[in-house]
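Chain by chain, the residues run as shown.
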Amino acid sequence: MPRIATPTPGGSSARRNFLLGTLRVAAGLALLRPTAAHAARTPGPLARPDLSTRRIAGLGERLAREDRPTAERLAREVAAELPLWLRLAGTRRRMQAARRLCLDPRRVAADLDAGRVLRVDGWILARSEVALAAWAHQQT
Amino acid sequence: MFVDARAVGETRSFAADVAVVGGGAAGLSLAVALEAHGLDVVLIESGGFAPEAATQALYAAASTGAPYPVPTCRLRQYGGTLNHWGGTTRPLDAFEFERHDWVPHSGWPIGAADLAPYYPRAAAVLDVPRADFAFDPAERDSQGLPPLLGDSGDFAPVVWRRTQPGATRVGDKYRDAIAESRRIRCLLHANATQLVTDGESRTVETLRLGVLGGGELRVRARHVVLAAGAIENARLLLDSGGLGNAHDQVGRCFADHGFHLLGWVLVTHPGSWLREERFMRALPAPGLRRDDTGFAATPAFRRRRKSLGFSMIAGPFDPVDEAGPGAAGVRELTRGPDGQRVRRPKTAPGDVPQSDTRWMGLLAVVEQSPNPQSRITLGHERNALGARNAVIHHALQEADWRSLRTSAEAFGVAVAKAGHSRVRLAGIDGQRWIQGGGGHHSGTTRMSDDPKRGVTDRHGRVHGVANLWVAGSSLFPTAGWAHPTLSVVALSLRQADRLAEVQKS
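Residues numbered from 1 in each chain as written. Chains lettered and ligands numbered in written order. Predicted model: local features only at pLDDT ≥ 70, side-chain atom pairs only at ≥ 80, totals over all residues. Heavy atoms only, no water.

> Residue-level account of the overall build of chain B, with values.
Counting its regular elements, chain B contains 10 helices and 18 strands. A buried classification covers 60% of the 505 residues belonging to chain B. Counting only contacts in chain B whose residues sit at least 6 apart along the sequence, the fraction spanning at least 24 positions is 75%. For chain B, the computed accessible surface area is about 18600 Å², with 49% contributed by carbon and sulfur atoms. (Helix = DSSP H or I, 4+ residues; strand = E, 2+ residues; numbered from the N terminus. Buried < 20%, exposed > 50% of the residue type's maximum accessible area, 1.4 Å probe, protein only. Contact = heavy atoms within 4.5 Å. Areas by Shrake-Rupley, 256 points an atom, 1.4 Å probe, with all protein chains shown as cover.)

> Kindly report on the confidence of the model for chain A, identifying the contributing residues and their values.
Residues and elements named next belong to chain A. Residues with a pLDDT of 70 or more make up 59% of chain A, whose mean pLDDT is 69. Counting interchain partners and residues more than four positions distant, the pLDDT-below-50 stretch residues 1-13 has 26 contacts. Throughout residues 27-51 the model reports pLDDT below 50, and contacts reaching past four residues in sequence, or to other chains, amount to 46 contacts. (pLDDT = per-residue confidence, 0-100.)

> Describe the pattern of salt bridges, naming the residues involved and giving the relevant values.
A complete count under the given rule lists 32 salt bridges over all chains for this structure. Between Arg106(A) and Asp104(A) there is a salt bridge, with the nearest N and O atoms lying 3.0 Å from each other. Close ionic contact of Asp292(B) with Arg162(B) constitutes a salt bridge, the shortest N to O distance being 3.1 Å. Of this pair, Asp292(B) sits in strand β12 (residues 292-297) while Arg162(B) sits in strand β6 (residues 155-162), and the two are 130 residues apart along the sequence. When salt bridges with common partners are traced through the structure, they connect Arg76(B), Glu232(B), Arg235(B) and Asp239(B) into a single cluster. (Salt bridge = Lys/Arg side-chain N within 4 Å of Asp/Glu carboxyl O.)

> Would you mind going over the nonpolar core in detail, with residue names and values included?
Residue and element names in this part refer to chain B. Ranked by internal contacts, the top residues of the largest apolar core, which has 103 residues, are Ile44, Leu187, Leu207, Val219 and Leu468. Here this core gets 9 residues from one element, more than from any other, and that element is helix α10 (residues 485-504). Those residues in contact with Val219 that lie beyond four places of it in its chain are Phe14, Ala19, Val42, Ile44, Leu187, Glu205, Thr206, Leu207 and Leu209. By size, the runner-up hydrophobic cluster in this structure holds 29 residues, among which are Leu262, Ala314, Val415 and Leu425. (Core = buried A, V, L, I, M, F, W, Y, C linked by side-chain atoms within 4.5 Å.)

> Any chance you could break down unusual backbone geometry for me, citing the residues and the numbers?
Residue and element names in this part refer to chain B. With phi around 70°, His105 is a residue other than glycine that occupies positive phi space. Turning to its location among the elements, His105 is positioned in the loop between α3 (94-97) and α4 (112-115). At Asp127, a residue that is not glycine, the phi angle is positive and equals roughly 60°. With respect to the helices, strands and loops of the structure, Asp127 is situated in the loop between α5 (119-126) and β6.

> Could you give me a rundown of helix α6 (residues 105-113) of chain A, with the residues and numbers involved?
Those residues of α6(A) lying buried are Val108(A), Asp111(A) and Leu112(A). An end-on view of α6(A) places all buried positions within 95° of arc, on one side of the element. Facing away from the buried side of α6(A) by more than 90 degrees, the exposed set consists of Arg106(A) and Asp113(A). Residues of α6(A) that are buried in the fold lie against α5 (91-102), β1 (117-120), β2 (123-126) and α7 (127-139) of chain A together with α9 (398-418) and β17 (421-425) of chain B. A side-chain oxygen of the first residue of α6(A) lies 2.7 Å from the backbone nitrogen of Arg106(A); this N-cap is Asp104(A). Phi turns positive, to about 80°, at Gly115(A), one or two residues after α6(A). (Arc of directions from axis to C-beta. Polar contact = N/O pair within 3.5 Å; in protein donor to acceptor, adjacent residues only side chain to side chain.)

Listed below in structure tokens is the structure:
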């Protein structure tokens with residue numbers, strides 16, 4: 001199964017460390033506010049801020065077991081959409097970014113409207129939600 | 001008055017304006033309405049006031065199609081199958097009377113307007129407290145909450161009324177009135193065994209009745225109405241020389257509603273409609289008679305997706321799924337913000353699910369498409385009265401399964417779009433049609449203006465037999481998704497008016 005490259009954060013130069021640290025703080029702040037606001041407005045089972053990586057990945061695991069090619073394709077799509085600089089930020093940050101990307105209410109609604117719906121373990125889910133689960137499973 | 005056929009003697013004949021075979025919802029309501037028109041009625045009932053094994057055994061039948069609960073799907077006693085009715089009902093929507101291009105053999109010869117005047121009267125017969133069945137958004141328990149199902153327009157909230165104060169037993173309700181009636185003679189323990197016609201089978205001259213333990217009665221009436229249920233009506237016609245079967249239509253298109261425990265709905269928002277009590281079906285219990293509210297596929301959805309009738313209600317049901325809702329780690333997805341695991345509330349009979357419910361079972365009631373190969377025929381075995389037993393061949397079509405899957409998934413999408421709940425389906429891929437859940441048999445003597453496409457005309461009169469009529473849900477060309485009893489009674493009341501007109505003319 002292809003896995004997303006996860007380079008170890010940090011480097012030899014202090015300058016790089018400083019830049020990365022700044023980027024992480026900025027990204028964290030940027031993600032925290034809309035995620036919290038979003039959760040307050042329209043929480044769904046996968047959009048809850050309390051959902052851990054492990055929980056979402058459980059669904060991805062199921063998908064991988066039932067339809068491995070689909071799971072891998074969806075995971076690759078998520079990975080391709082994530083900005084390069086976030087790939088460097090560690091599992092938790094990457095998960096936050098992916099959550100924000102895939103669970104954007106507008107994106108979920110667009111999936112549902114367009115019939116981009118998948119059934120995993122019986123759950124009726126938007127394609128983007130399933131993609132997140134598939135990607136999360138690969139990350140854990 | 002009541003007459004016990006066992007005490008009548010060897011042979012005796014009765015005469016009446018109308019002979020009605022079957023003392024269930026259709027027959028009783030018809031008899032009482034005919035009496036109001038001043039007609040003399042002989043009401044023929046196979047059983048007595050209580051269940052009797054020997055009488056019930058006369059309903060023995062073989063099942064050659066999909067598994068069917070033959071012994072329990074109908075009751076042969078005074079009051080009929082309504083003796084185990086749950087008391088939930090609603091009328092057929094206007095859309096159900098229309099011909100649907102994507103459903104072969106659909107379309108009633110009458111429209112909603114023809115039955116509309118009779119629904120309030122039928123509601124009175126059945127003790128349905130309210131004759132309006134429209135969903136009222138203003139009745140929402142809480143205002144300012146998320147919309148019920150978004151704005152998809154695919155599913156609309158619908159209301160089922162429940163009879164009050166309990167599930168109405170029409171037999172009990174009219175027992176005293178019939179006992180005192182001078183125009184209704186109800187023959188108990190009298191079993192219609194054959195319709196005897198003139199030489200050309202254009203008129204029923206005599207109705208033969210058998211009595212368990214010996215004896216035979218005869219009834220001569222100007223009109224004969226079969227109101228014995230969709231299986232027995234067809235069986236009796238076929239066992240009377242194929243009466244009304246000139247075009248091989250009798251017994252065909254036998255249908256029943258599918259009752260499916262489809263899965264669960266997980267509530268993720270405190271303002272979800274599912275937290276309203278009226279959207280949660282209470283377990284039946286004495287003294288608890290709350291109307292139910294659920295959802296049904298809209299005509300627009302059914303046209304677009306070429307699907308059949310589909311309705312859904314949430315409640316403390318247990319869908320058949322060995323894995324359960326917490327399978328494969330998905331249970332973890334259902335934790336609330338407080339970390340508490342989602343669980344079904346503990347309910348006992350009579351309990352109304354509590355407002356902190358996080359997930360509920362989903363029960364769907366769906367329509368079966370008319371299928372000429374789904375039919376009632378005669379077997380070779382005979383019952384204790386020498387009549388040939390019925391063979392029930394209940395056959396489903398791919399269209400039924402496709403409609404179920406399409407509708408269930410679309411319902412899940414509509415719920416997801418609304419943003420306050422999610423649906424997990426189970427058991428819709430395994431070809432499990434839960435039959436006989438309602439015993440809503442229909443279609444075996446369907447109405448049609450064309451004798452080649454139906455057994456009876458728009459008034460329920462058998463094509464080609466001037467004085468033979470059929471009452472009950474066997475008249476339904478299609479059954480929609482609504483529980484049928486109210487429509488059965490409404491049709492009987494309408495038929496009583498027609499019979500009175502014919503009698504006068």
